[in-house]
Structures are given as C-alpha cells and as structure tokens.
Amino acid sequence: MSARSLARYKLKATGIDEDWGTNFIQLNFAPPAPGTPAAIGERRIYYRTMPEQMTRNHLPAWRARGYLKIDGSRITPKIASWSDVLDLEPGLIAFERAGVRVEIQADRLIS
C-alpha cells in the first residue's frame, strides 16, 4: 500500500460515505500490495485493463495506449505507456452494424 493510499484510508478521505455502511464496492486498477490489511480490501474489485494472457503490462486506461501486435497471421491487442518507444504504424478498424459504421484508431506493430 502506498503512503498516499494509507493516509487517505486513515483520514477517512476515500470518498466512501459512512451512510452507505458496507453497501458499496471499490474498483481498483492495481492489486493489493503485500501486507495490506484484509479489512481494506473486502469491498474491492481488482480490474485489469487487458487480460494477463494478452499482455503482462497493466496500466489504467487513462495512462495507456492500445495497439495491435501482428505476428504473421496472429493479431494480439496490447497496451503500452505513452512514453514507450514503439515503431507503430497508424491504422483504422471499422465496425459496421445495422447501417451504422464506426471507425476506431488502431495503430499496429508488425513483427
């Protein structure tokens, strides 16, 4: 647990309303640190931006950029930090259904 998280917890500055009692959940993007008291994590759901079988990287969505890694005929979604230097090619993926078409930026890394 970071000092910042521990301070918020001890000062009751987590954003949890006491009127809720135990009727709430917390969504976290990082797993608990070793030694975190069990009472702190009872109502937490730990969320990974992408499944671990696709990437070992784990970043919250607002700090990550997604791309497609293309290796022969295999295409795997990946995430990276914006500071990572990657040789990405710009690209688009289009989805269409019921006459509605949506294009999404989908940069790719060809290996």
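Up top is the structure.
Figured I'd write up the structure that's included with this text. (Residues numbered from 1 in each chain as written. Predicted model: local features only at pLDDT ≥ 70, side-chain atom pairs only at ≥ 80, totals over all residues. Heavy atoms only, no water.)

**A word on the pairing of strand β5 (residues 92–97)**
Short version of the rule: Relative accessible area decides the class of each residue, using a 1.4 Å probe on protein chains only: under 20% of the type maximum gives buried, over 50% gives exposed, and in between gives partly exposed. In this text, helices come from DSSP runs of H or I with a minimum length of four residues, and strands from runs of E with a minimum of two, each type numbered from the N-terminal end. Pairing between strands is defined by DSSP: at least two bridges between them are needed.
Of all six residues in β5, zero are buried, a share of ten percent or less. Sheet topology places β5 next to strand β6 (residues 100–105); six bridges connect them, and they run antiparallel. Directly across from Ala94, in β6, lies its bridge partner Glu103. Counted between consecutive antiparallel strands, the loop separating β5 from β6 contains two residues, among which Ala98 sits at a positive phi close to 50°.

**Notes on the pairing of strand β3 (residues 64–71)**
Two faces, one strand: in a regular strand the side chains alternate between the faces of the sheet. Sheet topology note: the β3/strand β4 (residues 74–81) ladder contains eight bridges and is antiparallel. Directly across from Tyr67, in β4, lies its bridge partner Lys78. In this antiparallel pair of consecutive strands, β3 and β4, the connection spans two residues, and Gly72 shows a positive phi of 65°. Where β3 lies against strand β7 (residues 108–110), three bridges are found, and the strand directions are parallel. Counted as the bridge partner of Leu68 is Arg108 from β7.

**Observations regarding the packing of aromatic side chains**
The criterion, for reference: In this analysis, rings of Phe, Tyr and Trp, with Trp reduced to its six-membered ring, are considered paired at centre separations within 6.5 Å, and the interplanar angle assigns stacked below 30 degrees, edge-to-face beyond 60, and tilted for intermediate values.
The full count for this structure, using the stated rule, is one aromatic pair. Considering the side-chain rings of Trp20 and Phe24, the 6.2 Å spacing of their centres and the 40° angle between planes classify their relative orientation as tilted.

**Some details on the sheet that holds β7**
The test is simple: Interaxial angle, 0 to 180 degrees, is taken between N-to-C directions of lines fitted to C-alpha atoms, where a helix line uses only the stretch in contact.
Across the sheet, three strands lie side by side as β4-β3-β7; this open sheet has mixed pairing. Looking at strand neighbours, the two that pair on one side only are β4 and β7, the edges of this open sheet. Going from strand to strand, the sheet's axes swing by 30° on average, the running direction of each strand aside.

**A look at the side chain of Arg65**
Rules: Neither His nor the chain termini are counted; the positive set is Lys and Arg, and the negative set is Asp and Glu. The term salt bridge refers to a side-chain nitrogen of Lys or Arg lying within 4 Å of a carboxyl oxygen of Asp or Glu. Throughout this description, a polar contact denotes any pair of N or O atoms lying within 3.5 Å of each other; where both atoms belong to protein, one of them has to be capable of donating a hydrogen while the other can accept it, and for residues adjacent in sequence the pair is counted only when both atoms sit in side chains. Only heavy atoms matter for contacts: two residues are in contact if any of them lie within 4.5 Å across the pair.
Here Arg65 is to be found in strand β3. One buried charged residue, Arg65, remains without a salt bridge, the closest side chain of opposite sign being Asp107 at 5.8 Å. Reaching out from Arg65, the side chain makes a polar contact with the backbone oxygen of Asp84 at a distance of 2.6 Å. Apart from residues lying up to four places away in sequence, Arg65 is in contact with Lys78, Ile79, Ala80, Ser81, Trp82, Asp84, Leu86 and Leu88.

**Overview of the pattern of salt bridges**
This model, assessed by the stated rule, comprises three salt bridges. Among the salt bridges present, the one from Glu89 reaches Arg108, with a minimum N-O distance of 3.5 Å. Residue Glu89 is found in the loop between β4 and β5, and its partner Arg108 is found in strand β7; the two are separated by 19 residues along the sequence. Between Glu96 and Arg101 there is a salt bridge; the shortest N-O distance is 3.8 Å.

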